[in-house]
Amino acid sequence: MSHSPDTRPLLTRLFEPARLDSMAPIPKIATYAALFFWTLVVVFPLYWVLVTSLKVEVDVDSGPFYVPFLDFMPKLDAWDFMLLQNNTLGPYLNSIFVSLTSTLLALLIGALASYALVRIRFQVKLAAVLTFVLLVVGVIVAVAAFDAPWQLAVAVAAALFALALSTFVKRFRAAVGNNDIEFWMISNRIMPPIVAVLPIYVMFQHLHMLDTQFALIATYTGVNLPIVVWLTRDFFAGIPLDLEESAEIDGASKFRVFFTIALPLVRSGLAATFMLVLILTWNEFLLALFLTNANAQTMPVLVAAQNTTRGPQWWYMSVLIVIMIAPVIVIAGFLQKHIARGLLVGAVKG
Amino acid sequence: MRVRLDNIHKAFGHVQVVKGLDLEVADGEFLVLLGASGSGKTTALRMIAGLESVTSGRVLIGDRDVTDVLPKYRDVAMVFQSYALYPHMTVFANIAYPLTVRKTPKAEIEAQVKEVARQVQLDTLLDRFPKQLSGGQRQRVALARAMIRRPAAFLMDEPLSNLDAKLRGYMRAELKHMQHQLGITTIYVTHDQIEAMTLAHRVALLEKGVLQQLDTPANIYNRPANLFVAGFIGSPPMNFIDGSLSAGRFTAPDSDFGTLSTITRASVVAGVRPEDGRVTEPHAGKLTGTIYATELMGDHTLVTCRIGGATVTVKADKAFNRQDGAAIGVDFAESAVHLFDKATGERIN
Amino acid sequence: MSASAANAAAASVRETRGEWMDRNSGRIMVLPAVIILLAFAIFPLIISTYLSLSRFALAGGSFKLTFIGLYNFRRLLVGAQQYHFLGTLKPLDTAGWIAFAVFLALVLYWLFRFVVREFSVFGLLGRLISASLACGVVLAALATTVTGGYEGTLLTTCFYVLFGVTLQFALGLGLALLCAQPIRARNWFRVVFFVPLMVTPVGVAYMFRMLADMQKGPFAPLSHALGFSEWSWATQAWSARLMVLIGDTWQWTPFMFIVLLAAVENQPREQLEAARMDGAGAWQIFRDITWPSIAPIGATVVLIRLIEAFKIIDMPNVLTAGGPGLATESLTLHSFIAWRTQDLGGSAAVGYLLLFVSTICCVSFFNYVVRWTRRYQ
Ligand SMILES: Nc1ncnc2c1ncn2[C@@H]1O[C@H](COP(=O)(O)OP(=O)(O)O)[C@@H](O)[C@H]1O
Ligand SMILES: [Mg+2]
């Protein structure tokens, strides 16, 4: 066992580091090779998109050309067309507004809920939940199958629910607790959007809100709430209870404690959650496709629509992809420090 | 086996954490590295273990220079402060791990684990997982895992600091006994001077990465090498009075007494341990002042007096009962006086 | 009533309002989330149930829903649409039956072990459901892939999910382990590897179409040299599926990577050092320390990915438009196409079947894998 570093056998020397903070030659070469290879895998497609955005039709069709100035003369035609002549700015601003607003809303509402679920004990009577679900089903059947006016159906159901609450619901012991509520909230994420999108479409149609930013914001908020609850619950659970209790003894209300003590303490986690939800909404395609048209169209839909009868015009497409990536990268750059740490805490306990 | 540190330096970036540490630990010796928090003890220990590279200097285990040798080839075992038990392995698997990775035959592992587990009284808990054990039991698992290898040296980083006071006392005795039985060189890091005094053959006192004194507990206590050591060891700490020495006679405001020394020096510090002093009537002892505070400690009373500009604490009888502010005298034997140079802090008598 | 009494009354009302807020703060905090989830998840779910049990017909400017029971589901599972959902099934040959028997034996052994070791009624029920779904999918896969039939959207989706998530996990873990080595420019790699996650899936799909263009793409010279410039990946079922898989993997590996890297860097340092001192080598350290310590996080990110992976639509929609034939069509795309052809009932039924499959898979994964990895915590 007494190898001195210099006299180690060749194989050992190749595979085992000589010292603590160093790497042996072969693992080192292999590591760098693998990392550079993956860097290439990541960067090359992006590079190709960037380069293509500087081409015009003939550069693409007679290509492939790889390096601007050497292979071909880069031109800003595509950029010029997409940014100035085509209506790109509208969807771009829509995307920015919708994704920022809905992400912040989801973060706020979701964090409030998960904080309450972590810190305050809930007891909801199972009978009340079942009654509620039954009444909703009843309303839907009445409206859909028997053409009852929906205002009337909802009013009747609300009255019945109030009646149920004050009478037989009280007699039942069985109740759902915090974990059940939390599980219910999180499990909503499993639902594929395609299941929900049709009824949501019909709902907004009835409200005359199709193709508005509001519809999209509301929907995205709903779709992303489960993720926010899932990720933030462990951040809140990790705060020492003493801090909040001492604030409460000092006379702060629960809301105040939430906004002034709890939220600032979990900002890393919130930043990571914000980033993830922002990416998901910024890139969301299916719901936007259903719920928007000309007015509230977002970027993914615009990108997808580039598949014209002549086939996609790569140079235009590339411009769109580039301007879509840019802002997210900037935001991620600002939040980079928090992201890994935040994601970790959320994922540790799930 | 012998462990030697040769002028070890360690820097993290620009921060010098260990500055020229020389240490020689004899075979079978129990050496305690003592120091305040942040003094570089852990760093020193980790460099012996090979978990931290040294910036300059040499580490020797036995006669072998292991400065650049990987931890696994150093043949030392370490007990971590957090115990570092593997949570997904049973106690048995945890203790057996060092042998398992060396591909020791099953039967032999079994026999050795049983033997070691018996020594640390874990034989009935071998099937449990770490989370099913109490703090003291976990500590013993960590110990057993170190013992099973019969290493050249044991390294322990505050192994008892996570235990409650009672258990700590018990485990201290156990550790000492075990180390004596096994006869394996042990380097033990702690910030607790009681642990250091009770466990060590020799204590190495570290401050800001510099070795202050390396000696037996008795010598560290009785003949502290400098002001820092004198102030660090002992509870309550030694009393210090600034003054001057002329031909062995110490003078300061409100104090004037002879010492066993014969030196003359303008600026010195005289130190007297609280238990070496006793209260007398005013002007009957070597010092005179007023009572500042009294604290009943149970079997004795601590009397703190203001003497000149200094504060002096002495142990008195538990029946001592005098008003704060009353005049009082303090006396002690000439042999109980420690003298230090004020500028260098070095002992001069 | 005097003025001062009125003031006092007003004050007490104000006070009780504040008190009321405090007493009910929990409910107030949860309420918005509950309302939104009811509106955007539960309510649509119930409506969809109704839709999936009806036939939708346009009549004049309006539409008409007729209740037809489970007809839509029957059509997909055993009727005229079976080819679309399950695939064009052909009778199994002997080898197929043997393969199925082996799989069945494994499943039965798993159930048997559960019954013997830790029996519980609900546990058994859950395991029976998971087992039947697994057997059904395997049977369908054998009856199409092995016998030379055509796979339906269910199998295609399962293919994307199973292979996609596995591949992404493996790559993500590998990259995370490499990035945790004492190498230079670690942060740089970390940032670069994160980028694909930020590209919209629609964009990723177009990007890969561009790259895989055999005539004008960057690899055209290579395919010319190798002599298959006339060949197109989009015309073959498996190469088209592979393309979708590659796009999805390119996009989602970063997610696995970033979380797993945090987990690897966060593994208990003292355990790691203890193992190193105990003499463990790199592989032993990975197996005994790193893997057990990151397994719970790994399982959780896989679960997150699993949930999202079942919803895949953008990639096949843009890359291949579901083609050739049905080869790359995912369940969501299937449902979308049914919707476009005005078959709302069928569309809802497909959506519902997707919901069943993904719920069973995710809950199974949580109960059998995620829980299991957390047993030491
Ligand atoms: N990895 C490190 N990087 C930078 N500074 C460190 C590191 N480890 C320890 N230090 C610093 O070195 C000093 C000594 O630390 P340590 O050896 O742990 O002290 P002790 O164990 O005596 O409390 C401390 O000031 C600490 O902040
Ligand atoms: Mg320390």
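Residues numbered from 1 in each chain as written. Chains lettered and ligands numbered in written order. Predicted model: local features only at pLDDT ≥ 70, side-chain atom pairs only at ≥ 80, totals over all residues. Heavy atoms only, no water.

A. Layout of the interface of chain B and chain A. The interface of chain B with chain A comprises 13 residues on the first partner and 10 residues on the second. Interface area, chain B with chain A, both sides summed: about 1000 Å², of which 57% is carbon and sulfur. Among the residues chain B hides against chain A, the three largest losses belong to B:Asp68, B:Leu70 and B:Tyr73. Together they make up 51% of the total. Inspection of the chain B/chain A interface yields zero salt bridges. On the surface where chain B and chain A come into contact, there are zero residue pairs in polar contact (both at pLDDT 80 or more). Per-class residue counts for the side of chain B that touches chain A are six nonpolar, two polar and five charged. (Contact = heavy atoms within 4.5 Å. Buried area = accessible area lost by both parts, 1.4 Å probe. Salt bridge = Lys/Arg side-chain N within 4 Å of Asp/Glu carboxyl O. Polar contact = N/O pair within 3.5 Å; in protein donor to acceptor, adjacent residues only side chain to side chain. Nonpolar A, V, L, I, M, F, W, Y, C, P; charged D, E, K, R; others polar.)

B. Local environment of the sheet that holds strand E4 (residues 56-61) of chain B. Residue and element names in this part refer to chain B. What the four strands build is an open sheet, ordered E2-E1-E4-E5; its pairing is antiparallel. Each having just a single partner strand, strand E2 (15-25) and strand E5 (64-65) make up the two edges of the open sheet. Bridge count for strand E1 (residues 3-12) against E2 is eight bridges, and the pairing is antiparallel. Residue pairing for E2: Ile-8 is matched across the bridge by Leu-21. Those strands touched by helix H1 (residues 41-49) are E1, E2 and E4, and its axis lies near 120 degrees from that of E1. (Pairing = 2+ DSSP bridges. Helix = DSSP H or I, 4+ residues; strand = E, 2+ residues; numbered from the N terminus. Axes fitted to C-alpha atoms, helices over the stretch in contact; angles between N-to-C directions.)

C. Up close: the site of ligand 1. Residue and element names in this part refer to chain B. For ligand 1, the full set of nearby residues is Phe-12, Val-17, Ala-36, Ser-37, Gly-38, Ser-39, Gly-40, Lys-41, Thr-42 and Thr-43. Separating an oxygen atom of ligand 1 from a backbone N or O atom of Ser-39 is a distance of 3.2 Å. Within the backbone of Gly-40, a nitrogen or oxygen atom sits 3.1 Å from an oxygen atom of ligand 1. Contact with the protein chains covers 56% of the free accessible surface of ligand 1, which is 560 Å². (Near = heavy atom within 4 Å. Areas by Shrake-Rupley, 256 points an atom, 1.4 Å probe, with all protein chains shown as cover.)

D. Geometry of the domain arrangement of chain A. Each assigned domain of chain A is listed with its residue range as follows: domain 1 (23-78), domain 2 (86-122 + 177-344) and domain 3 (123-175). Relative placement of domain 1 of chain A and domain 3 of chain A: their C-alpha centres are 60 Å apart. (Domains from an automatic or database assignment.)

E. Summary view of the packing of aromatic side chains. Applying the stated rule across the entire model yields 37 aromatic pairs over all chains. Relative to C:Trp238, the ring of C:Phe159 has its centre 5.2 Å away and its plane inclined at 80 degrees; by these criteria the two rings are edge-to-face. Here C:Phe159, found in helix H7 (residues 153-179), pairs with C:Trp238, found in helix H11 (residues 237-265); they are 79 residues apart in sequence, far enough to count as distant. What makes C:Trp238 partly exposed here is its relative accessible area of 42%. Note on C:Tyr352 and C:Phe356: the rings are 5.9 Å apart at their centroids and 70 degrees apart in plane angle, and the pair reads as edge-to-face. Of the two residues, C:Tyr352 and C:Phe356 are both situated in helix H16 (residues 344-373); the distance of four residues between them amounts to about one turn of the helix. An aromatic cluster is built from A:Tyr32, A:Phe36, C:Trp188, C:Phe189, C:Phe193 and C:Phe257, whose rings are joined through pairwise contacts. (Phe/Tyr/Trp six-rings, centres within 6.5 Å; stacked < 30°, edge-to-face > 60°. Buried < 20%, exposed > 50% of the residue type's maximum accessible area, 1.4 Å probe, protein only.)

F. Representation of the confidence of the model for chain B within the structure. For chain B, the average pLDDT comes to 90, and 100% of its residues sit at 70 or higher. Predicted complex metrics record ipTM = 0.86 and pTM = 0.86. (pLDDT = per-residue confidence, 0-100.)

G. Region of interest: the nonpolar core. Core analysis: the largest hydrophobic core is formed by 190 residues, its most contacted members being A:Met185, A:Phe236, A:Phe258 and C:Phe193. Among the elements that line this core, the one with the most residues is helix H16 (residues 314-349) of chain A, at 15 residues. Those residues in contact with A:Met185 that sit more than four places away from it in its chain are A:Ala113, A:Leu117, A:Pro226, A:Val229, C:Val30, C:Ala33, C:Val34 and C:Leu37. (Core = buried A, V, L, I, M, F, W, Y, C linked by side-chain atoms within 4.5 Å.)

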